[in-house]
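Residue-level structural notes
Each chain, letter by letter, is given below.
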Amino acid sequence: ALASSGSPWLVTALACFMTVSSVIEAQVMVFRYRSHVPGGIIAACIAAGTAGLVIGFGEALSRAPMPWPVVIGSVTPSVMFGLAFFPQIWVFVSACSIKGYSFSVSALDAMGSAALSSVILIEGDVTSPDSWAAAAPLVVIVVMHALLGVVAVFIVVSPCGRRCRADAGDAANNAASAQ
């Protein structure tokens, strides 16, 4: 279904995304779990398995009656991507800290999602609901990264964020002096 859309850019972008994701997962397997299997082999197995699942799932969705392809292929991922950002936002707000957050990684993810959604919209018809349904998960990623960035900036520069960090520092000092 995807390859028949005639968009080599879309297929290339998805292949790159799958490859990068496979390498990241392989790194986790090798370093976190101290696997003795070389990372390249793990990445190749993950990439092959992912490609098989994507192709099989895509073919099944291309044969499914409406509205299942839209619900499963667009609405569900959009909701899941949107919800996935809230734990990080909660950690930022509750800890009054953005420790470990990378503005550059968020920017790269948002730019990649914006570029891929642009390809989807340009290859289709920008006014078509089908094009927007296909691009929806990527648009959600861009919007949520923007929200995450706004929350991070607020915590860093606002008086509320400074006060919260000062309170957290006082709590840590009190805990240290109590021991």
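Scroll up to find the structure this text is about.
Description of a nonpolar patch on the surface
Taken together, F57, W68, V71, I72, V75, V79, L83, F86 and L147 make up a surface patch of nonpolar side chains, about 800 Å² in accessible area. Broken down by element, the residue count for the nonpolar patch peaks at six residues, all from helix α3 (residues 68-84). Relative to the assigned elements, V79 resides in helix α3.

Details of the layout of surface pockets
Looking at the second largest pocket, its volume works out to about 190 Å³. Tallied by class, the residues present in the lining of the second largest pocket amount to seven nonpolar, four polar and one charged.

A few points about the side chain of S158
Turning to its location among the elements, S158 is positioned in the loop between α6 (129-157) and α7 (159-178). S158 gets classed as buried once you look at its relative accessible area, which sits at 6%. A polar atom in the side chain of S158 sits 2.6 Å from the backbone oxygen of F154.

Things to note about the nonpolar core
Residues F85, I89, F92, I98, Y101, M144, L148, V151, A152 and I155 constitute the largest nonpolar core, which totals ten residues. Those elements that place two or more of their residues in this core are α4 (86-95) and α6. It is α6 that contributes the most residues to this core, five residues altogether. Other than its neighbours up to four places away in sequence, V151 contacts I89, F92 and V93. Counting six residues, the second largest nonpolar core, distinct from the first, contains L116, I120, L121 and A135.

Some points on α6
Over its 29 residues, α6 runs 39 Å from end to end, which matches the ideal 42 Å to within 8%, given 1.5 Å per residue. Along α6, the helix axis deviates most sharply at A136, where the bend reaches about 50°; the proline P137 sits within four residues downstream.

Some words on the packing of aromatic side chains
Applying the stated criterion across every chain, the model contains two aromatic pairs. A centroid spacing of 5.2 Å and a plane angle of 75° characterise the contact between F92 and Y101, whose relative ring orientation is edge-to-face. A relative accessible area of 3% places F92 in the buried class. Residue class for Y101 comes out buried when judged on its relative accessible area of 13%. Look at Y101 and F103: their rings are 4.9 Å apart centre to centre, the planes differ by 75°, and that puts the pair in the edge-to-face class. By relative accessible area, F103 is classed as partly exposed at 40%. Here a set of aromatic residues connected by ring pairs shows up, and it is made of F92, Y101 and F103.

Quick look at the packing of helix α5 (residues 103-123) against α6
Geometrically, a packed helix pair is captured by the angle between its two axes and the distance between the axes. One can describe the packing of α5 onto α6 by two numbers: an axis separation of 9 Å at closest approach and a directional angle of 160°. Here α5 is positioned roughly antiparallel relative to α6, judged by the angle of their axes. As α5 packs across α6, the resulting crossing turns out to be left-handed.

The rules behind these values
- Residues numbered from 1 in each chain as written.
- Predicted model: local features only at pLDDT ≥ 70, side-chain atom pairs only at ≥ 80, totals over all residues.
- Heavy atoms only, no water.
- Patch = residues over 30% accessible without salt bridge, like charges linked within 9 Å, V, L, I, M, F, W, Y side chains within 5 Å.
- Areas by Shrake-Rupley, 256 points an atom, 1.4 Å probe, with all protein chains shown as cover.
- Salt bridge = Lys/Arg side-chain N within 4 Å of Asp/Glu carboxyl O.
- Helix = DSSP H or I, 4+ residues; strand = E, 2+ residues; numbered from the N terminus.
- 1 Å grid on protein atoms, 1.4 Å probe; cavity = no way out; pocket = protein on both sides within 12 Å on 5 of 7 lines; lining within 4 Å.
- Points joined across faces, edges and corners; volume = space filled by probe spheres on them.
- Nonpolar A, V, L, I, M, F, W, Y, C, P; charged D, E, K, R; others polar.
- Buried < 20%, exposed > 50% of the residue type's maximum accessible area, 1.4 Å probe, protein only.
- Polar contact = N/O pair within 3.5 Å; in protein donor to acceptor, adjacent residues only side chain to side chain.
- Core = buried A, V, L, I, M, F, W, Y, C linked by side-chain atoms within 4.5 Å.
- Contact = heavy atoms within 4.5 Å.
- Expected span 1.5 Å × (residues − 1).
- Bend = angle between axes of the 7 residues up to and from the residue.
- Phe/Tyr/Trp six-rings, centres within 6.5 Å; stacked < 30°, edge-to-face > 60°.
- Axes fitted to C-alpha atoms, helices over the stretch in contact; angles between N-to-C directions.
- Parallel < 35°, antiparallel > 145°, perpendicular 65-115°, else oblique.
- Left-handed = near helix turned anticlockwise from the far one by under 90°.

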